[in-house]
Amino acid sequence: MDQSTCIPYGAVVAHPIRLNPGEDLVSAIENAASQAMSISDSSSAFVMTAVGSLDKVSLRMANASRSDGDNISPSNEIRDWNERMEVVSLVGTLSASGKHLHMSLSDKNGTVVGGHVMSGQVFTTMEIVLGTIQGVGFKRELDTATGYRELVVEKKKAT
């Protein structure tokens, strides 16, 4: 981070939602974040807290190369679970130009797994509080150093 620039800041507004059994986790969060940003005149959203359970989830593992027999792909492995799991943690940032969500889940034995959220389906409920930041904008731009669309934080101009 360039120390010569001011870190953007603004008032946080909380937006609670509840997802029902069978709902798609990612699209529901994206839709709720879009609505939250619209009603709070913000272009930044983030997950403040979340509790609930899923019965299907796909996570991308960090630094775990995909392998297909003798072939190893440079892409990170995506793992799927088709079992009832408790959400231990859900964090992330959202904007009109993309999202970045990470999750930890525990299985029936208390074993915890985590990674980048690719998809999920609600089992019993998901209670989520999204936050928006007034006067702060999030967007995603390609970072040539990582090869991913990374977060860019901006101070929004007053309208």
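A short tour of the structure in this document, coming up. (Residues numbered from 1 in each chain as written. Predicted model: local features only at pLDDT ≥ 70, side-chain atom pairs only at ≥ 80, totals over all residues. Heavy atoms only, no water.)

## Re the pairing of strand β7 (residues 136-143)
Then step 1. Two elements, β7 and strand β8 (residues 148-155), share eight bridges in a ladder whose sense is antiparallel. From the neighbouring strand, Leu142 faces β8, where its bridge partner is Arg149.
Then step 2. What sits between the antiparallel neighbours β7 and β8 is a turn of four residues, in which Gly147 has the positive phi angle 80 degrees. (Pairing = 2+ DSSP bridges. Helix = DSSP H or I, 4+ residues; strand = E, 2+ residues; numbered from the N terminus.)

## Focus: the nonpolar core
Then step 1. Core analysis: the largest hydrophobic core is formed by 28 residues, its most contacted members being Leu25, Leu54, Leu90, Met103, Met126 and Ile128.
Then step 2. Those elements giving two or more residues to this core turn out to be α1 (25-39), β2 (45-68), β4 (85-95), β5 (98-106) and β6 (112-133).
Then step 3. Dropping the residues within four chain positions of it, Met126 is found in contact with Ile17, Arg18, Leu19, Leu25, Ala50, Val51, Gly52, Ser53, Leu54, Val87 and Leu90. (Core = buried A, V, L, I, M, F, W, Y, C linked by side-chain atoms within 4.5 Å. Buried < 20%, exposed > 50% of the residue type's maximum accessible area, 1.4 Å probe, protein only. Contact = heavy atoms within 4.5 Å.)

## Quick look at the side chain of His116
Then step 1. Looking at the secondary structure, you find His116 in strand β6.
Then step 2. Here His116 is in contact with Ser58, Leu59, Arg60, His100, Leu101 and His102, once residues within four sequence places are set aside.

## Quick word on the layout of surface pockets
Then step 1. The volume enclosed by the largest pocket comes to roughly 340 Å³.
Then step 2. Taken together, 17 residues make up the lining of the largest pocket; nearest its centre are Arg60, His100, His102, His116 and Tyr148.
Then step 3. For the lining of the largest pocket, the class distribution of residues is four nonpolar, eight polar and five charged. (1 Å grid on protein atoms, 1.4 Å probe; cavity = no way out; pocket = protein on both sides within 12 Å on 5 of 7 lines; lining within 4 Å. Points joined across faces, edges and corners; volume = space filled by probe spheres on them. Nonpolar A, V, L, I, M, F, W, Y, C, P; charged D, E, K, R; others polar.)

## Structural notes on the pattern of salt bridges
Then step 1. The full count for this structure, using the stated rule, is four salt bridges.
Then step 2. Salt-bridge contacts for Glu30 lead to Lys99; the nearest nitrogen and oxygen are separated by 3.2 Å. Of this pair, Glu30 sits in helix α1 while Lys99 sits in strand β5, and the two are 69 residues apart along the sequence.
Then step 3. Assessed through its relative accessible area of 32%, Lys99 is described here as partly exposed.
Then step 4. In the salt-bridge network here, residues are joined through shared partners; they are Lys139, Glu141 and Glu154. (Salt bridge = Lys/Arg side-chain N within 4 Å of Asp/Glu carboxyl O.)

## Thoughts on the environment of Lys56
Then step 1. With respect to the helices, strands and loops of the structure, Lys56 is situated in strand β2.
Then step 2. Residues Lys56 and Phe123 lie 67 residues apart in sequence; the distance between their C-alpha atoms is 8.0 Å.

## A look at the side chain of Thr93
Then step 1. Within the secondary structure layout, Thr93 lies in strand β4.
Then step 2. Once residues lying within four places of it in the same chain are set aside, the contact partners of Thr93 are Ala45, Phe46, Gly98, Lys99, His100, Phe138, Arg140 and Leu151.

## Considerations on the environment of Cys6
Then step 1. Relative to the helices and strands, Cys6 resides in the segment before β1 (12-19).
Then step 2. Taking relative accessible area as the criterion, Cys6 reaches 64% and is therefore assigned exposed.
Then step 3. Separated by 149 residues in the primary sequence, Cys6 and Lys155 have C-alpha atoms spaced 9.0 Å apart.

## Some thoughts on α1
Then step 1. Over its 15 residues, α1 runs 21 Å from end to end, which matches the ideal 21 Å to within 8%, given 1.5 Å per residue.
Then step 2. Listed in full, the buried residues belonging to α1 are Leu25, Val26, Ala28, Ile29, Ala32, Ala33, Ala36 and Met37. Seen end-on, α1 carries its buried residues on one side only, within an arc spanning 160 degrees. Away from its buried face, by an angle of more than 90 degrees, α1 presents the exposed residues Gln35, Ser38 and Ile39.
Then step 3. For α1, the capping residue at the N-terminal end is Asp24, with a side-chain oxygen 3.4 Å from the backbone nitrogen of Val26.
Then step 4. Phi for Asp41, located one or two positions after α1, is positive at around 50 degrees. (Expected span 1.5 Å × (residues − 1). Arc of directions from axis to C-beta. Polar contact = N/O pair within 3.5 Å; in protein donor to acceptor, adjacent residues only side chain to side chain.)

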